[in-house]
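Architecture and fold: a report
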Amino acid sequence: MKKLKLIFIVIAFAILYFSCGKGSAGPKGPAGPTGPVGSANVIYSAWFLTGAGWDTVTNAPSYGAYATYDKAATGITQSIIDNGVVLVYMKGDPTTGLANDVFPLPYSIGAGYGFTDLWDFVLNAPGNIRFLYKSDFPWDVVTLGGISFRYVIIPGGVAGGRMLNLRKMTYEEVCKLYGIPE
């Protein structure tokens, strides 16, 4: 009797399992509102020239730099410094003549050729980015003034878990991800 009951249950289950199918799709719901291009709270600057704003450093407190340039950036808050990401890019390199190529900072060139030029930045205070230029055979501040820079400020949590990968992305990939015009 138990065997018959078990067979009946298995057959009933098989009939139910194979006879149930997916129904037809329901009506399409209303379209949601179109949002703006880019991501909320991401701030990016226009490309800017530093001009004659570079200061040659005579003291050691500027991270060993030959020259520094301070750029006011009100979007850099203590919260950004503590939890966000600031990406900085340089366009043009006086050592190569590549006026439109974009390089992420830190950027270094010349190793192995008898010199090393290094461009970098630090977030030395809320509201400011300090650009650093270090070199074995430095360019003068007039030449440095012809290089363009741009920064992208990404608050913590905006990138949806991609914060660690942002520094590995190319400039073009970051612009596409956040809807930033190149």
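For the structure, check the block above.
So, here is what we can say about the structure in this document. (Residues numbered from 1 in each chain as written. Predicted model: local features only at pLDDT ≥ 70, side-chain atom pairs only at ≥ 80, totals over all residues. Heavy atoms only, no water.)

Pairing is antiparallel across the open sheet formed by five strands, whose spatial order is β3-β4-β9-β8-β7. In this open sheet, the two strands that pair with only one neighbour each are β3 (55-56) and β7 (107-109). Pairing of strand β8 (residues 117-125) with strand β9 (residues 128-135), which is carried by seven bridges, proceeds in the antiparallel orientation. Along β9, the bridge assignment pairs Asp-117 with Ser-135. (Pairing = 2+ DSSP bridges. Helix = DSSP H or I, 4+ residues; strand = E, 2+ residues; numbered from the N terminus.)

This part takes up the side chain of Arg-150. Inspection of the secondary structure assignment puts Arg-150 in strand β10 (residues 148-154). There is a polar contact of 2.8 Å between the side chain of Arg-150 and the backbone oxygen of Pro-181. With residues near it in sequence (within four places) discarded, Arg-150 still touches Tyr-44, Ser-45, Ala-46, Trp-47, Phe-48, Leu-87, Val-88, Tyr-89, Tyr-171, Ile-180, Pro-181 and Glu-182. (Polar contact = N/O pair within 3.5 Å; in protein donor to acceptor, adjacent residues only side chain to side chain. Contact = heavy atoms within 4.5 Å.)

Further remarks concern the pattern of salt bridges. On inspection of all chains with the given rule, the structure shows one salt bridge. Between Arg-130 and Asp-70 there is a salt bridge whose closest N-O contact spans 2.7 Å. With Arg-130 in strand β9 and Asp-70 in strand β4 (residues 67-72), this pair connects stretches of sequence that are 60 residues apart. By relative accessible area, Asp-70 is classed as partly exposed at 37%. (Salt bridge = Lys/Arg side-chain N within 4 Å of Asp/Glu carboxyl O. Buried < 20%, exposed > 50% of the residue type's maximum accessible area, 1.4 Å probe, protein only.)

Structurally, Phe-131 is set in strand β9. The spacing of Phe-131 and Thr-68 is 63 residues in sequence and 5.4 Å in space, taken between C-alpha atoms. When neighbours within four sequence positions are excluded, Phe-131 is seen to be in contact with Phe-48, Trp-54, Ala-67, Thr-68, Tyr-69, Lys-71, Val-88, Leu-105, Asp-120, Phe-121 and Phe-149.

In this section: the pairing of β4. Sheet analysis places β3 next to β4, joined by two bridges and oriented antiparallel. If you follow Thr-56 over to β4, its bridge partner there is Ala-67. Sheet topology note: the β4/β9 ladder contains six bridges and is antiparallel. Looking across to β9, one finds that Asp-70 is bridged to Arg-130.

Before going further, it helps to examine the packing of aromatic side chains. All told, the structure shown has 13 aromatic pairs when counted by the stated rule. Ring geometry for Phe-48 and Phe-131: centres 6.0 Å apart, planes at 75°, overall edge-to-face. In this pair, Phe-48 is assigned in strand β2 (residues 48-49) and Phe-131 in strand β9, connecting sequence segments 83 residues apart. The class of Phe-48 is buried, set by a relative accessible area of 10%. (Phe/Tyr/Trp six-rings, centres within 6.5 Å; stacked < 30°, edge-to-face > 60°.)

This part takes up the environment of Phe-137. Residue placement: Phe-137 occurs in the loop between β9 and α3 (141-144). Along the sequence, Phe-137 and Phe-115 sit 22 residues apart, while their C-alpha atoms lie 6.4 Å from each other. Not counting residues up to four positions away in its chain, the partners in contact with Phe-137 are Gly-114, Phe-115 and Asp-117.

Restricting attention to buried positions, one finds in helix α4 (residues 171-178) the residues Tyr-171, Val-174, Cys-175 and Tyr-178. Projected down its long axis, α4 shows its buried positions confined to an angular sector of 100°, all on one face. Residues of α4 that are buried sit in contact with β5 (85-91), β6 (102-104) and β10. Just beyond α4, the residue with positive phi is Gly-179, at close to 65°. (Arc of directions from axis to C-beta.)

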